[in-house]
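Structural features, examined
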Amino acid sequence: MSDPQSAWQEWLNSLDAPRQAAAESLRARFSALGVADPVDLIKSEVIDDLPQLARSVLLRSLWQAAIDGWTDPGSLAQLPTAQRLLAAGADREDLVRLVRAVAYEAVFATLEELDAGGNAHVSGVEAGWVVMESGEDGPPTERPLSGLHEDLLTMDPSGRDGADLWE
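What this report covers is the structure whose coordinates are included nearby. (Residues numbered from 1 in each chain as written. Predicted model: local features only at pLDDT ≥ 70, side-chain atom pairs only at ≥ 80, totals over all residues. Heavy atoms only, no water.)

1. Considerations on the overall build of the protein chain
Scanning the protein chain for helices and strands turns up seven helices and two strands. When the elements of the protein chain are put in sequence order from the N terminus, they spell out α-α-α-α-α-α-β-β-α. Against the globule reference of 15 Å for 167 residues, the protein chain gives a C-alpha radius of gyration of 20 Å, more extended than a compact globule. Overall size of the protein chain, expressed as C-alpha extent along the three principal axes, is 65 × 50 × 30 Å. Split into buried and exposed, the 167 residues of the protein chain put 31% on the buried side. Within the structure as shown, the protein chain displays about 10,200 Å² of accessible surface, and the carbon and sulfur contribution to it stands at 54%. Separation between the mean location of the 12 positive side-chain charges and that of the 29 negative ones in the protein chain comes to 5 Å. (Helix = DSSP H or I, 4+ residues; strand = E, 2+ residues; numbered from the N terminus. Rg over C-alpha atoms; globule rule 2.2 N^0.38 Å. Buried < 20%, exposed > 50% of the residue type's maximum accessible area, 1.4 Å probe, protein only. Areas by Shrake-Rupley, 256 points an atom, 1.4 Å probe, with all protein chains shown as cover. Lys, Arg positive; Asp, Glu negative; His and termini not counted. Charge placed at Lys NZ, Arg CZ, Asp CG, Glu CD.)

2. Some details on the pattern of salt bridges
Within the structure shown, the criterion is met by 11 salt bridges. The closest approach of N and O atoms between Arg92 and Glu93, which form a salt bridge, is 3.8 Å. Among the residues examined, Arg92 registers a relative accessible area of 30% and is labelled partly exposed. For the salt bridge of Arg143 with Glu133, the shortest nitrogen-to-oxygen distance reads 2.7 Å. In this pair, Arg143 sits in strand S2 (residues 140-144) while Glu133 sits in strand S1 (residues 132-134), placing the two residues 10 residues apart along the sequence. (Salt bridge = Lys/Arg side-chain N within 4 Å of Asp/Glu carboxyl O.)

3. Side note on the packing of helix H3 (residues 39-48) against helix H4 (residues 52-67)
Each pair of packed helices can be summarised by the angle the axes make with each other and by the distance between the axes. Two numbers describe how H3 lies on H4: the axes approach to 8 Å, and their chain directions differ by 130°. In terms of their interaxial angle, H3 and H4 are classed as oblique. Contacts between H3 and H4 involve Leu41, Ser44 and Glu45 on the former and, on the latter, Gln52, Leu53 and Ser56. (Axes fitted to C-alpha atoms, helices over the stretch in contact; angles between N-to-C directions. Parallel < 35°, antiparallel > 145°, perpendicular 65-115°, else oblique. Contact = heavy atoms within 4.5 Å.)

4. Looking at the environment of Leu62
Here Leu62 lies in helix H4. In this structure the C-alpha to C-alpha distance between Leu62 and Ala103, which are 41 residues apart in sequence, comes to 9.7 Å. Discounting chain neighbours no more than four positions away, the residues touching Leu62 are Ile67, Val107 and Leu111.

5. Points about helix H6 (residues 92-116)
Between its first and last C-alpha, H6 extends 36 Å over 25 residues, near the 36 Å set by a 1.5 Å rise per residue. Taken residue by residue, H6 has Leu95, Val96, Val99, Arg100, Ala101, Ala103, Tyr104, Val107 and Leu111 as its buried positions. Those residues of H6 hidden inside the fold are in contact with H4, helix H5 (80-87) and helix H7 (148-151). Looking one or two residues past H6, Gly117 carries a phi angle of roughly 75°, positive in sign. (Expected span 1.5 Å × (residues − 1).)

6. Observations concerning the packing of aromatic side chains
Within the structure shown, the criterion is met by four aromatic pairs. One aromatic cluster is present, built from ring pairs that chain together Trp63, Tyr104, Phe108 and Trp166. (Phe/Tyr/Trp six-rings, centres within 6.5 Å; stacked < 30°, edge-to-face > 60°.)

7. Observations concerning the side chain of Gln52
For Gln52, the location among the structural elements is in helix H4. Look at Gln52 and you get buried, because its relative accessible area is 10%. At 2.9 Å, the side chain of Gln52 and the side chain of Ser44 are in polar contact. If we ignore the near neighbours within four places in the chain, the residues touching Gln52 are Phe30, Leu41, Ser44 and Glu45. (Polar contact = N/O pair within 3.5 Å; in protein donor to acceptor, adjacent residues only side chain to side chain.)

8. A few points about the nonpolar core
Counting residues in each nonpolar core, the largest one holds 21 residues, and the members touching the most others are Trp63, Leu76 and Leu152. Only H4 and H6 provide two or more residues apiece to this core. If one sorts the elements of this core by residue count, H6 sits on top with eight residues. If near-sequence neighbours (up to four positions away) are discounted, Leu76 is found in contact with Trp70, Ala82, Gln83, Leu86, Arg92, Leu95, Val96 and Val99. Formed by 11 residues, the second largest nonpolar core is a distinct cluster that contains Trp11, Leu12, Ile42 and Leu53. (Core = buried A, V, L, I, M, F, W, Y, C linked by side-chain atoms within 4.5 Å.)

Structure follows, in structure tokens:
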């Protein structure tokens, strides 16, 4: 059995020069995101042409802004209800965990709707949507970002897969 670095190098050597360059670039970009073991994501993007980097950036961004943003000092100050609960003796950490869990559920439900591509509960309306990767200069790449809700937990920047939300 070979070590991960040897396996990576062996796989890299099996690629043509443009794909090698893409894989190395992706490795650096995933590393900058803090993804510990991006090899499967890189292979999926290079070989299967799936926009794994864009998916990871979006999902991590949602974690940091919409879910973990509630851990910032003063985040509860914007919620009058939270202020009343704190004044009544509620534990701040419990409230933070609660709003983070609610934020997670809202993000998950939104991603699930986006992944569905349309609302099956609305009859007589022919409308749908797709979330699409865009290039650095803005136009869509024609590579859809699908199954986003399926990977939300795995993109928890803490590496805990959201386990702390339900403690």
